[in-house]
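Listed below are the residues making up each chain.
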Amino acid sequence: EHPIQNWTTRKGKAISKYLLLHRKKHIPKEVLMDQFWPEATADAARNNLNVAIYGLRQELRNGYPDFSHVLFEDDCYFLNPQMEIWVDVEQFEAVYKKAGETMQRGETAVAIPDLHAAELLYQGELLAEDRYEDWPAARRQQLQRHYLQLLTHICNHYFATQQYATCITFANKLLRVEPCHEATHRLLMRAYARQQ
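Residues numbered from 1 in each chain as written. Predicted model: local features only at pLDDT ≥ 70, side-chain atom pairs only at ≥ 80, totals over all residues. Heavy atoms only, no water.

### As for the packing of aromatic side chains
In total, this model carries 10 aromatic pairs according to the counting rule given. Seen in terms of ring centroids, Tyr122 and Tyr147 are 4.0 Å apart; in terms of plane orientation they differ by 10°. Their pairing is stacked. Pair noted here: Tyr122 is in the loop between helix H5 (108–121) and helix H6 (137–160) and Tyr147 is in helix H6, with a separation of 25 residues, a long-range link. Among the residues examined, Tyr122 registers a relative accessible area of 12% and is labelled buried. Cluster of aromatic residues (ring-pair linked, three or more members): Tyr18, Phe36, Trp37 and Trp135. (Phe/Tyr/Trp six-rings, centres within 6.5 Å; stacked < 30°, edge-to-face > 60°. Helix = DSSP H or I, 4+ residues; strand = E, 2+ residues; numbered from the N terminus. Buried < 20%, exposed > 50% of the residue type's maximum accessible area, 1.4 Å probe, protein only.)

Here's what the structure looks like:
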């Protein structure tokens, strides 16, 4: 209800993203220190972390002065589990997993609505504004790989069911993300040929 427009500290914003994407874990302060201040001495990193966490807490208090959003326990930081949080990445992964389980049972047609739901949830690269940060890179690549896989399943389904125009639409979406995806180029040519 209260969007944060102007973050006081860049590191506070980065730590908020890190805690959100790892919100089911308690993150040791040393992990945050190493992640965000790898070149600093232990004392400097600890001080920087304290300043960033203080700034983050101040930002999150906007409209909720009596609620602690970021908790610290046993030398670990974590988001208050009382908060109701919806993260598109988590929803994408859950729907993608459900579709995968359905397809493993050989029910690809049944999985198509979930594949479409996951496709709609994927809004591009994870944390694209943090492209040069190391910590989200592995998750970003995994999400993109899953997105390409689900598009491949959707394309193959529509080709197999002779819905070539729909197959072409999703093949083009895949190629916008991965222009060199050879199998999709071949499928696209076959779909165009079948439309004649």
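### As for unusual backbone geometry
Working note: non-glycine residues mostly have negative phi, and peptide bonds are mostly trans. The residue Asp74 is not glycine, and still its phi comes out positive at about 55°. Inspection of the secondary structure assignment puts Asp74 in the loop between strand E2 (70–73) and strand E3 (76–79). A residue is classified by how much of its surface remains accessible, and Asp74, at 69% relative accessible area, is exposed. Positive phi, close to 60°, is recorded for Gln162, a residue that is not glycine. Take Gln162: it is sitting in the loop between H6 and helix H7 (164–177).

### Re the environment of Leu19
Relative to the assigned elements, Leu19 resides in helix H1 (residues 10–21). Sequence separation between Leu19 and Ala94 is 75 residues; the distance between their C-alpha atoms is 19 Å. Once residues within four sequence positions are removed from consideration, Leu19 is found in contact with Ile27, Leu56, Val70, Tyr77, Phe78 and Leu79. (Contact = heavy atoms within 4.5 Å.)

### Let's talk about the state of the cysteines
Applying the stated criterion across every chain yields a total of 0 disulfides. No disulfide involves Cys155; its sulfur sits 5.0 Å from the nearest other cysteine sulfur, which is in Cys167. According to the relative accessible area criterion, Cys155 is buried, its value standing at 1%. (Disulfide = S-S within 2.5 Å.)

### Description of the sheet that holds E2
Strand order across the open sheet formed by 3 strands is E1-E3-E2, with antiparallel pairing between neighbours. Where the open sheet ends on each side, the last strands, each with one partner, are strand E1 (27–28) and E2. In this structure, E1 lies alongside E3, joined through 2 bridges in antiparallel fashion. Across the sheet, the residue bridging to Pro28 is Cys76, located in E3. Of the strands in this sheet, E2 and E3 are in contact with helix H3 (residues 42–60), which crosses E2 at around 140°. (Pairing = 2+ DSSP bridges. Axes fitted to C-alpha atoms, helices over the stretch in contact; angles between N-to-C directions.)

### Structural notes on the pattern of salt bridges
In this structure the tally under the stated criterion is 11 salt bridges. In this structure, Glu129 engages Lys17 in a salt bridge whose closest nitrogen and oxygen atoms are separated by 3.0 Å. With Glu129 in the loop between H5 and H6 and Lys17 in helix H1, the pair connects residues that are 112 residues apart, well separated along the chain. By relative accessible area, which is 56% here, Glu129 ends up exposed. (Salt bridge = Lys/Arg side-chain N within 4 Å of Asp/Glu carboxyl O.)

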